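Each chain, letter by letter, is given below.
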Amino acid sequence: MIEEDFIIRNTNIDSLKNGSITWQSPSNIALIKYWGKSEPQIPKNASISFTLNNCYTTTTLEFSKKKVASNDYSIEVIFENEVKGDFKPKILQFFERIDRYVPFITDYDFVIKTENSFPHSSGIASSASGLSALALCLMNIEKQLNPSISDDYFNLKASFLARLGSGSAARSIEGEVVIWGKHSEVVSSSDLYGIKFPYPIHSNFKNYNDTILLVDKGKKQVSSTIGHDLMHNHPFGENRFRQANNNLLHMSKILQNGDLKAFVQLVESEALTLHAMMLTSNPYFILMKPNTLKIIEKIWEYRKNNDSNICFTLDAGSNVHILFPERENEKVSAFILKDLVSYCQNNQYICDKLGIGATQIY
Ligand code: DP6
């Protein structure tokens, strides 16, 4: 599909006066990382992620036809039952970017009520779950205006819209594994939207676990927008984008053949490479904290002593995602509780696992 395919057609705005829609949309964790983009939210390399199950945003979108027509966006944002003015600029920018594809957004007054299943300011990116949930709500309005759109189109366009809000949000519509970014060897992959992993996934990855250790719940030191920008003219940028695309191909094979040892090596290498990009950008950043490194050392020690397939990955922050197969759940959970939780801020951590994607609640 090309961009023009997402421009809305055959709608009858007068047919829909008001309504309310609720979607629950998950966060995701990248195995092969997206870091570097060009306008409009086009990734420099393809990325692949596990969709999560327990970390999600629930968004209710209430809409009513404007009494007086105008070209402005009329939105009110309520986050966890409080009016949130500071969320508005990001959503207004999102509306500007998607206006061409969902022009009905100027016809309604919107109230966006949203809440996260994970603790606020936990350092877990809520943009992926939040913007995908909002994109899905808007797609429901489109569907009501034009009931003939297919489920596939619905999902692809939801991902397309979500991407324009936050790149990684494109990967939060479906599960359990999603690829976003055009890759010459992955059929139907696209820079414009995420697609469900198009090959069978090995049973070793069934119910794969992701326990998120909240090392530092403070505000992110570098916003992803600034971080992505630092990949322009980065001394290692072009090599990194090439490497990521090669790694994606490798990961695609691993997910099909179930080689957990290779999985562990590749996932950790990607996480460290992401941080290496930040260490070597101008200006440079260290986003890991001392406890991030302590946790990594403990994971390596545990893996060696227990012949385990546990591994870590990181986002652009200090929290550690611990990935491990379901059959190791009991032993690894005991290890986390005994040896790792003390490195978390207020002992906080979240047990999550592979999920199937967003669901409509009402
Ligand atoms: C390190 O999706 O937050 O988590 O497109 O500017 O909203 P924007 O960036 P964002 O970047 C996520 C970067 C990452 C890696 C990843 O999720 O692939």
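Keep in mind that what you see is a predicted model, and the values were worked out from it rather than measured.

Peer 1: Explanation requested: the site of the ligand in the structure shown.
Peer 2: Neighbouring the ligand are 15 residues, the closest being Y34, K37, S166, G167 and S168. The contact in question runs from an oxygen atom of the ligand to an N or O atom on the side chain of Y34, over 2.6 Å. Interatomic distance of 2.7 Å between a side-chain N/O atom of R171 and an oxygen atom of the ligand. Computed on the free molecule, the ligand has an accessible area of 460 Å², of which 93% lies beneath the protein chains in the complex. Counted by class, the shell around the ligand contains five nonpolar, six polar and four charged residues.

Peer 1: Please clarify how the packing of helix 2 (residues 127-145) against helix 3 (residues 151-165) should be interpreted in this entry.
Peer 2: The relative placement of two packed helices is expressed as an angle between their axes plus a distance between the axes. Interaxial distance between helix 2 and helix 3 falls to 8 Å at its minimum, and their mutual angle equals 135°. What the angle tells us is that helix 2 and helix 3 run oblique. Between helix 2 and helix 3 lies a crossing whose hand is right-handed. Note on element contacts: helix 3 touches helix 2 through D151, Y153, F154, K157, A158, L161, A162 and G165, opposite L131, S132, A135, L136, M139, N140, E142 and K143. Residues of the contact of helix 2 with helix 3, tallied by class, amount to nine nonpolar, three polar and four charged.

Peer 1: Would you take a moment to explain the environment of V102 for this structure?
Peer 2: Position of V102 relative to the elements: it lies in the loop between helix 1 (88-98) and strand 7 (108-116). Along the backbone, V102 and I8 are 94 residues apart, and their C-alpha atoms lie at a distance of 6.2 Å. With sequence-adjacent residues up to four places away left out, V102 is seen in contact with E142, K157 and L161.

Peer 1: I'm lost on the nonpolar core in this one. Help?
Peer 2: Nonpolar side chains in soluble globular proteins tend to end up buried together. Ranked by internal contacts, the top residues of the largest apolar core, which has 80 residues, are F95 and F263. Residue contributions to this core peak at nine residues, all from helix 2. Aside from chain neighbours lying at most four places away, what touches F263 is L31, F50, F205, Y208, M251, I254, L255, C311 and L323. With 21 residues, the next largest nonpolar core counts I295, I336, L340 and V341 among its residues.

Peer 1: Where do I start with helix 6 (residues 260-279) in this structure?
Peer 2: Because an α-helix completes one turn every 3.6 residues, residues spaced three or four positions apart along the sequence face the same direction. In a regular helix each residue adds 1.5 Å, so 20 residues correspond to 28 Å; helix 6 covers 28 Å between its end C-alpha atoms and thus fits that length. Burial runs high along helix 6: 14 of the 20 residues are buried. N-cap assignment for helix 6: the residue whose side-chain oxygen lies 3.3 Å from the backbone N of K261 is D259.

Peer 1: Please explain the sheet that holds strand 10 (residues 209-213) as it appears in this structure.
Peer 2: Backbone hydrogen bonds hold the strands of a sheet together, and the pairing may be parallel or antiparallel. As summarised here, the arrangement of the four strands in space is 11-12-10-13, forming an open sheet in which the pairing is antiparallel. Two strands in the sheet have a free side with no partner beyond their single neighbour: strand 11 (311-314) and strand 13 (349-353). Strand-to-strand twist in this sheet, taken as the mean axis angle between neighbours without regard to direction, amounts to 25°. In this sheet, strand 13 lies alongside strand 10 in antiparallel orientation, the contact comprising five bridges. Among the inter-strand pairings, T211 is bridged to a residue of strand 13, identified as C351. Here helix 6 sits on the sheet in contact with strand 11 and strand 12 (320-324), set at roughly 30° to strand 11. Relative to the sheet, helix 8 (residues 329-340) contacts strand 10, strand 12 and strand 13, its axis offset from that of strand 12 by approximately 155°.

Each value, and the rule that gives it
- Residues numbered from 1 in each chain as written.
- Predicted model: local features only at pLDDT ≥ 70, side-chain atom pairs only at ≥ 80, totals over all residues.
- Heavy atoms only, no water.
- Near = heavy atom within 4 Å.
- Polar contact = N/O pair within 3.5 Å; in protein donor to acceptor, adjacent residues only side chain to side chain.
- Areas by Shrake-Rupley, 256 points an atom, 1.4 Å probe, with all protein chains shown as cover.
- Nonpolar A, V, L, I, M, F, W, Y, C, P; charged D, E, K, R; others polar.
- Axes fitted to C-alpha atoms, helices over the stretch in contact; angles between N-to-C directions.
- Helix = DSSP H or I, 4+ residues; strand = E, 2+ residues; numbered from the N terminus.
- Parallel < 35°, antiparallel > 145°, perpendicular 65-115°, else oblique.
- Left-handed = near helix turned anticlockwise from the far one by under 90°.
- Contact = heavy atoms within 4.5 Å.
- Core = buried A, V, L, I, M, F, W, Y, C linked by side-chain atoms within 4.5 Å.
- Buried < 20%, exposed > 50% of the residue type's maximum accessible area, 1.4 Å probe, protein only.
- Expected span 1.5 Å × (residues − 1).
- Pairing = 2+ DSSP bridges.

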